[in-house]
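Single-letter residue listing:
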Amino acid sequence: MAGVVLTKVEKIYPGGVRAVNEVSLEIADREFVVLVGPSGCGKSTTLRMIAGLEEISAGTISIGGTIVNEVPPKDRDIAMVFQNYALYPHMSVRENMAFGLKLRGLPKPEIEQRVKDAAQTLGIVELLERKPKALSGGQRQRVAVGRAIVRKPAVFLFDEPLSNLDAKLRVDMRVELHKLHQRLAATMIYVTHDQIEALTLGDRIVIMEGGVVQQVAPPMSLYDEPYNVFVAGFIGTPAMNFLDGTLEAAGAGLVFNGGEKVRVPLPSEFEAKLKEYTGKPVRLGIRPEHIHDSKSAAGLPLAASVKAQVEVVESLGDQKVVYFNCAPHRFIGKFDAHVPFTTGAETEIHFDAAKAHVFEKDGAGRNLTCRAERYAPPAAVTAKA
């Protein structure tokens, strides 16, 4: 296996369209890294440049300590699993898995052993003589992964491999991919637009937007300490709530003033970081699960009471999502299914102010209250897990 290092990698298409902008990233040997972001953010282009399927415009890519900018895809010791499986319809599963090994001229006994081992690992031994048309979507995806496994590459690349599966199969395949990574102890780079896949699979997650890396961190660090408004709004379901207002001094502390009905006292640990923003416009971030009803708010160390009208209540079985209107603000809360809310009624809810974030209102929307000093500007992030 091998590590992968990208140093100021760029992709500029004819006409000056910049799809990837100075991406620098270190992926350790045997690490599972997920590139995630909205459509058009540059994640798949970055993966294709690692694979050699897309020529880079600037920067360097190294695999196992060797710069591979000019190395053709077949010589990069990588295996890629595509979104559409890319199986040969006229070949059996066995033949599909063995095809690449035959092209490389491996001895027939070795090919047969590798196919057998991969099929046992993926639980598809009974499918080896079938054609792709006789397989379900999940089975086809396993075959595509098996075709990659038999090559024993230094690095596995996955380009949205689960996007064509239904919800249950996606969950099942996520579990299988996680087990596979543990079993193979392989370096894996995975691209998806689905944050749930990213959070459940990745040792670290690379958040991209507009061709730029916004943050690189382990899943819970991204969730608890988003570097900017984009990351905060992208990670989490439902998304983080954002309220615009100003920062004010109140006695010995600071308060977010979002208008007559929304005043949120801020933790004392924020004071040193926010002092220079007193009197300036800022953006408060609060996650839906950090909004409480009166009963569950009783034990909060620092709470802000807000009166709001209930607009919509959505039942999710064990939970409910409630949409509130507190003009000019609208926000979403996530509660236990048994907490009573009536559509159209005014109710009192409570923000867990100790879990709030304060962001720049303008510019890059930087998180001004990150508690972890290890979060450097994204351009400088080349951290190793």
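Structure shown above.
From a predicted model like this one, the values you see are computed outputs, not experimental measurements. (Residues numbered from 1 in each chain as written. Predicted model: local features only at pLDDT ≥ 70, side-chain atom pairs only at ≥ 80, totals over all residues. Heavy atoms only, no water.)

> What exactly am I supposed to notice about the pattern of salt bridges here?
Pairing is possible between side chains that carry opposite charge, provided their charged atoms lie close to one another. Across all of its chains, the model carries 13 salt bridges by this definition. Glu248 is the partner of Arg263 in a salt bridge, and the nearest nitrogen-oxygen pair spans 3.4 Å. One end of the pair, Arg263, is in strand 13 (residues 263-265); the other, Glu248, is in strand 11 (residues 241-250), and 15 residues separate them in sequence. What makes Arg263 partly exposed here is its relative accessible area of 39%. Its relative accessible area of 27% is what places Glu248 among the partly exposed residues. Put simply, Arg330 and Glu311 hold a salt bridge, and the shortest N to O gap is 3.0 Å. Of this pair, Arg330 sits in strand 18 (residues 329-336) while Glu311 is found in strand 16 (residues 303-315), placing the two residues 19 residues apart along the sequence. Taking relative accessible area as the criterion, Arg330 reaches 54% and is therefore assigned exposed. Taking relative accessible area as the criterion, Glu311 reaches 28% and is therefore assigned partly exposed. Each of the salt bridges in this network shares a partner with another, and the network as a whole consists of Lys11, Arg48 and Glu54. (Salt bridge = Lys/Arg side-chain N within 4 Å of Asp/Glu carboxyl O. Helix = DSSP H or I, 4+ residues; strand = E, 2+ residues; numbered from the N terminus. Buried < 20%, exposed > 50% of the residue type's maximum accessible area, 1.4 Å probe, protein only.)

> Is there a simple way to think about the packing of aromatic side chains in this case?
The way to describe two aromatic rings as a pair is by their centre distance and the angle between their planes. The tally for this structure, following the rule as stated, stands at 11 aromatic pairs. When the centroid spacing of 5.9 Å and the interplanar angle of 45° are considered together, the rings of Phe32 and Tyr190 count as tilted. Separated by 158 residues along the polypeptide, Phe32 in strand 3 (residues 32-36) and Tyr190 in strand 8 (residues 187-192) bring together distant segments of the chain. Here Phe32 and Tyr190 have matching classes, each one buried. (Phe/Tyr/Trp six-rings, centres within 6.5 Å; stacked < 30°, edge-to-face > 60°.)

> Is there a simple way to think about the pairing of strand 16 in this case?
It is a general feature of regular strands that their side chains alternate between the two faces of the sheet. As paired strands, strand 16 and strand 19 (residues 346-352) are joined by 7 bridges and run antiparallel to one another. What sits directly across from Val306, in strand 19, is Ile349. The sheet contact formed by strand 16 and strand 17 (residues 319-326) spans 6 bridges and is antiparallel. In the strand pairing of strand 17, Glu314 is matched with Val321. Connecting strand 16 to the antiparallel partner strand 17 that follows it, the hairpin turn spans 3 residues, and Gly317 within it adopts a positive phi of roughly 90°. (Pairing = 2+ DSSP bridges.)

> What am I meant to see in the side chain of Gln141 here?
Within the secondary structure layout, Gln141 lies in helix 4 (residues 137-149). Apart from residues lying up to four places away in sequence, Gln141 is in contact with Val81, Phe82, Gln83, Tyr85, Pro161, Leu162 and Met173. (Contact = heavy atoms within 4.5 Å.)

> Just to check I follow, could you spell out the sheet that holds strand 8 for this structure?
The sheet built from 6 strands is open, its strands ordered 6-7-8-3-9-10 with mixed pairing. The open sheet terminates on both sides in strands that have one partner only, identified here as strand 6 (78-81) and strand 10 (212-217). Strand-to-strand twist of the sheet, defined as the mean angle between neighbouring strand axes without regard to direction, takes the value 15°. Sheet topology note: the strand 7 (residues 155-159)/strand 8 ladder contains 5 bridges and is parallel. Looking across to strand 8, one finds that Leu157 is bridged to Ile189. Strands in contact with helix 4 are strand 6 and strand 7; relative to strand 6, the strand with the most contacts, it is inclined by about 175°. (Axes fitted to C-alpha atoms, helices over the stretch in contact; angles between N-to-C directions.)

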